[in-house]
Amino acid sequence: MNKIQIGLGTAAIGRPVYINIKKEKSAAFTLDVFRQRGIDILDAAYAQGIRYFDTAPGYGMAEEMLKDWAINSGKRDIEIATKWGYTYVANFDPNAVVHEIKEHSIEKLNEQWEISQGLLPFLTTYQIHSATFESGVLKNKKVLHRLAELKNEHGLQMGLSTSGSNQVEVLKEAMDIEVDGTALFTVFQVTYNVFEQSLATVADEIARTNIKLVIKEALANGRVFPNEKFQSYTTAYTHMNGLATKYNVGVDAVALRFCMDSIPAFRVLSGAANKLHLSDNLKVNQFTLKDEDVAILRELAVDSDFYWKQRKELAWN
Ligand SMILES: NC(=O)c1ccc[n+]([C@@H]2O[C@H](COP(=O)([O-])OP(=O)(O)OC[C@H]3O[C@@H](n4cnc5c(N)ncnc54)[C@H](OP(=O)(O)O)[C@@H]3O)[C@@H](O)[C@H]2O)c1
């Protein structure tokens, strides 16, 4: 078992609200307390073996927090992945209506790189944040050439993240993109979990290239936890609870472990926003799923269109 296969996603520790299923209301928000809590989670993650950290300018203060923490703590053995393409605009107002604005232009790339390059030398991976056909980014020659230039100049892994029911089509197009005869992308950050398994159809093909798969939303934004609002998952909840009991861990560890044991993933991101959830998530390191249990979990997949329609309806909280 590879302890460091889990990475920490910093979306939920960089801004006060995020897309998820929260059962309890958040306490009153203060910037200093929030920031300190984020740093405590980074410390706890490192202490428990995590060395891969994923961030983005769209995650509020996360990128800057991670940079300061990496420099001040003197850690030498961490890897940071960031992205470009979303600007955080909510100014830490939990009641903001708009939280982020997407823009995949060469101007936005250059503007955000100016800041994100401050993560060097910890920065190993630079990704287009949520590449889609609609944004035109995969056909934007100026952007692709600039990414190739940054990749060569700084020895970066160049990547993209995807979301939506056509993730696999986006990945297939991205796999074929070359600049000056060399494949551009070597990291794909993709949503994959017990409910949304479309990635499995291309995971082996991707594994035969030198592209690394990083898994996000492994807990389906919290939908893997039994919740009466999601009646269609009632049978899934029974199976997952059964496995959690069998392996003596929580449902979260079963769901994360599924991502590690069912496809060749390079990293699986934990999105934990508190230390308790982080420790629960890291129980993935105590076991592996038996083949017959992976088979049970494979059966829980739902239609991708259904999954992403439901994902769009989740609130920021
Ligand atoms: N590139 C992209 O477009 C993109 C999109 C989404 C995510 N990401 C990356 O992926 C990372 C992980 O994704 P994610 O955070 O969205 O999704 P996730 O891992 O699927 O879900 C996190 C949710 O699970 C809950 N949770 C975790 N452990 C728990 C436990 N032990 N008990 C109860 N609830 C628990 C969290 O609740 P609390 O919030 O209450 O802790 C949160 O609601 C992000 O931080 C980010 O780095 C990237």
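For the structure, check the block above.
Below: a short report on this structure.

Remarks on the pairing of strand β11 (residues 212-216)
Right, so step 1: Among the five residues that make up β11, four are buried, leaving the element largely enclosed by the rest of the structure.
Right, so step 2: Taken together, the five bridges between strand β10 (residues 187-191) and β11 define a ladder with parallel strand orientation. Counted as the bridge partner of Val 187 is Lys 212 from β11.
Right, so step 3: As defined by bridge partners, β11 adjoins strand β12 (residues 267-270) across two bridges and the pair is classed as parallel. Directly across from Val 214, in β12, lies its bridge partner Arg 267.

Side note on the packing of helix α4 (residues 106-116) against helix α5 (residues 141-154)
Right, so step 1: Packing of α4 against α5 leaves a shortest axis separation of 9 Å and a crossing angle of 25°. One way to sum up the angle between α4 and α5 is to call them roughly parallel. Between α4 and α5, the residues in contact are Ile 106, Leu 109 and Trp 113 and Lys 142, Val 143, Arg 146 and Leu 150, respectively.
Right, so step 2: Of the residues contributing to the contact of α4 with α5, the split by class is five nonpolar, no polar and two charged.

Regarding the environment of Val 98
Right, so step 1: The residue Val 98 is located in the loop between β4 (86-88) and β5 (100-102) in this model.
Right, so step 2: Its 7 C-beta neighbours within 10 Å are what place Val 98 among the exposed residues.
Right, so step 3: Spatially, the C-alpha atoms of Val 98 and Tyr 88 are 8.9 Å apart, while their sequence positions differ by ten residues.
Right, so step 4: Sequence-distant contacts of Val 98, that is, excluding residues within four places in its chain, are made with Val 89 and Ala 90.

A word on the pairing of strand β1 (residues 6-9)
Successive residues of a regular strand alternate their side chains across the two faces of the sheet.
Right, so step 1: Both faces of β1 are covered, namely the face carrying Ile 6 and Leu 8 and the face carrying Gly 7 and Gly 9.
Right, so step 2: The pairing of β1 with β12 spans three bridges and is parallel. Within the sheet, the bridge partner assigned to Gly 7 lies in β12 and is Leu 269.
Right, so step 3: Bridging between β1 and strand β2 (residues 52-54) involves two bridges; their strand directions are parallel. The residue of β2 that forms the bridge with Leu 8 is Phe 53.

Looking at the nonpolar core
Right, so step 1: Among the nonpolar cores identified, the biggest contains 80 residues, and Leu 213, Ile 215, Ala 218, Ala 255, Leu 256, Cys 259 and Val 268 are the most heavily contacted of them.
Right, so step 2: The element contributing the most residues to this core is helix α9 (residues 251-262), with seven residues.
Right, so step 3: If near-sequence neighbours (up to four positions away) are discounted, Ile 215 is found in contact with Val 190, Tyr 192, Cys 259, Ala 265, Val 268 and Leu 269.

Considerations on unusual backbone geometry
Right, so step 1: Following Leu 120, the chain continues into Pro 121 via a peptide bond in cis, with omega recorded as 5°.
Right, so step 2: On the secondary structure map, Pro 121 appears in the loop between α4 and β6 (123-128).
Right, so step 3: Even without being glycine, Phe 92 reaches a positive phi, approximately 60°.
Right, so step 4: In this structure, Phe 92 sits in the loop between β4 and β5.
Right, so step 5: Positioned with a positive phi, Asn 221 is a non-glycine residue whose angle comes to about 55°.
Right, so step 6: Here Asn 221 lies in the loop between β11 and α8 (234-247).

What about the sheet that holds β6?
Right, so step 1: Pairing within the closed barrel is parallel, and its eight strands lie in the order β1-β2-β3-β6-β7-β10-β11-β12. For this sheet, the mean inter-axis angle between neighbouring strands, taken without regard to orientation, is 30°.
Right, so step 2: Strands in contact with α4 are β3 (79-84) and β6; relative to β3, the strand with the most contacts, it is inclined by about 155°.

Procedures and definitions
- Residues numbered from 1 in each chain as written.
- Predicted model: local features only at pLDDT ≥ 70, side-chain atom pairs only at ≥ 80, totals over all residues.
- Buried ≥ 20, exposed ≤ 12 C-beta atoms within 10 Å, placed from the backbone.
- Helix = DSSP H or I, 4+ residues; strand = E, 2+ residues; numbered from the N terminus.
- Pairing = 2+ DSSP bridges.
- Axes fitted to C-alpha atoms, helices over the stretch in contact; angles between N-to-C directions.
- Parallel < 35°, antiparallel > 145°, perpendicular 65-115°, else oblique.
- Contact = placed C-beta atoms within 7 Å.
- Nonpolar A, V, L, I, M, F, W, Y, C, P; charged D, E, K, R; others polar.
- Core = buried A, V, L, I, M, F, W, Y, C linked by C-beta atoms within 7 Å.

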